[in-house]
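The primary structure of each chain is shown beneath.
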Amino acid sequence: MAVIELDGVVYDLAVTSISRGAKVETGDNNLEAKSGRKARDIKGTRYNYTLTVDSRLSAPREYDAFYEAITAPVESHTLKVPYGQSVLTFQACVEDVSDRLKAYTYPRRWGDLSIKFTARDIQRAPEG
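Each chain has its residues counted from 1, running along the sequence as written. The predicted origin of the model limits local features to residues at a pLDDT of at least 70 and limits the giving and counting of side-chain atom pairs to 80 or more, whereas totals for whole chains, interfaces and linings rest on all residues. Calculation of side-chain values draws on the structure's entire complement of heavy atoms; hydrogens and water are dropped beforehand.

### Re the pattern of salt bridges
A pairing counts as a salt bridge when a side-chain nitrogen of Lys or Arg comes within 4 Å of a carboxyl oxygen of Asp or Glu. For the coordinates displayed, the defined rule picks out five salt bridges. In this structure, R100 engages D112 in a salt bridge whose closest nitrogen and oxygen atoms are separated by 2.5 Å. One end of the pair, R100, is in strand β8 (residues 86-103); the other, D112, is in strand β9 (residues 109-119), with 12 residues separating them in the sequence. Taking relative accessible area as the criterion, R100 reaches 45% and is therefore assigned partly exposed. Only protein chains enter the accessibility calculation, which uses a 1.4 Å probe. A residue is then buried if its area is under 20% of the maximum for its type, exposed if over 50%, and partly exposed in between. Exposure remark for D112: the relative accessible area of 33% places this residue in the partly exposed category. Secondary structure elements are defined from DSSP: runs of H or I of at least 4 residues count as helices, runs of E of at least 2 residues count as strands, and each element is numbered from the N terminus.

Below, the structure is given as C-alpha cells:
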C-alpha cells in the first residue's frame, strides 16, 4: 500500500519509516516578564516529515522516478502523508535527500533513501 503521494502521483515504494515533527513558530514580539512568565508571539504550527524508503521491495524505475521528483529544483511539492487517523496534504519543501548505493550490479540498487520535508506555510493558526 502506498503511503505517500507527491504532486498527485502515487509512488509504489517500500516506505520503511515515516516520522513527523511539529514546530510552533513565533514572531519577533516574544517577551519575558520580571516574574519569569513568558509571553509568546505565536504565528502557528508547521508539521514536518521525514520519510525513509528502501529499494529492496521497490522497482528500480519507480525508485528512480521518485528520486528525480524529490530532487527537482522547485520551491515546493504537494505532499500527502498520514496524519493521525487521516491524511494531511500540504505544500512541502524538500530540505535534505540522501541515499546510498547498495548493489552496483544491474539494475543498480539504491537504498536507505531519507527525505526531510518541511512545510512551506503555517498549517495551524493560533485560536482566537
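Read on, since the account is not over.
### Describing a nonpolar patch on the surface
Residues qualify for a patch when their relative accessible area is over 30% and they have no salt bridge, like charges being joined within 9 Å and the nonpolar side chains of Val, Leu, Ile, Met, Phe, Trp and Tyr within 5 Å. To measure how exposed things are, a 1.4 Å probe is used in the Shrake-Rupley method; for residues, cover is taken only from the protein chains shown. A grouping of L101, Y104 and W110 is seen on the molecular surface, where their side chains present a nonpolar patch of about 310 Å² in accessible area. Here L101 lies in strand β8.

### What to know about the nonpolar core
By nonpolar core we mean a set of buried residues, namely Ala, Val, Leu, Ile, Met, Phe, Trp, Tyr and Cys, connected to one another through side-chain atoms within 4.5 Å. Among the nonpolar cores identified, the biggest contains 21 residues, and L6, F66, L79, F90, I115 and F117 are the most heavily contacted of them. Where this core is concerned, the elements lending two or more residues are β6 (42-54), α1 (60-70), β7 (77-83), β8 and β9.

### Quick look at the layout of surface pockets
Of the pockets and cavities examined, the largest pocket occupies roughly 210 Å³. Along its surface, the largest pocket is lined by S55, P60, R61, Y63, D64, Y106, P107, R108, R109 and W110. When residues of the lining of the largest pocket are traced back to their parent elements, those giving at least two are α1 and β9. Sort the elements by how many residues they give to the lining of the largest pocket and α1 lands first, with four residues. Just so you know the grouping, Ala, Val, Leu, Ile, Met, Phe, Trp, Tyr, Cys and Pro go in nonpolar, Asp, Glu, Lys and Arg go in charged, and all remaining residues, Gly too, go in polar. Residue composition of the lining of the largest pocket, grouped by class: five nonpolar, one polar and four charged. Site definitions follow a grid-based scheme: protein atoms alone, a 1 Å grid, a 1.4 Å probe that fits but cannot get out for cavities, and for pockets an open set with protein on both sides within 12 Å along at least five of seven lines, plus lining residues having an atom within 4 Å of a point. Grid points are joined across faces, edges and corners, and a volume is the space filled by probe spheres set on the points.

### Some details on the sheet that holds β9
Pairing within the open sheet is antiparallel, and its seven strands lie in the order β2-β1-β7-β8-β9-β6-β3. Two strands lie at the open edges of the sheet, namely β2 (9-10) and β3 (14-26), each paired on one side alone. Relative to β9, β8 is paired through nine bridges, and the arrangement is antiparallel. When the bridges of β9 are listed, R100 appears paired with G111. In this analysis, two residues are considered to be in contact whenever any of their non-hydrogen atoms come within 4.5 Å of each other. For every element, the axis is a line fit to its C-alpha atoms; helices are fit only across the contacting stretch, and the angle between N-to-C directions ranges from 0 to 180 degrees. The strands that α1 touches are β1 (5-6), β2, β6, β7, β8 and β9; relative to β9, the one it contacts most, it runs at about 35°. DSSP-based pairing: two strands are paired if at least 2 bridges between them are found.

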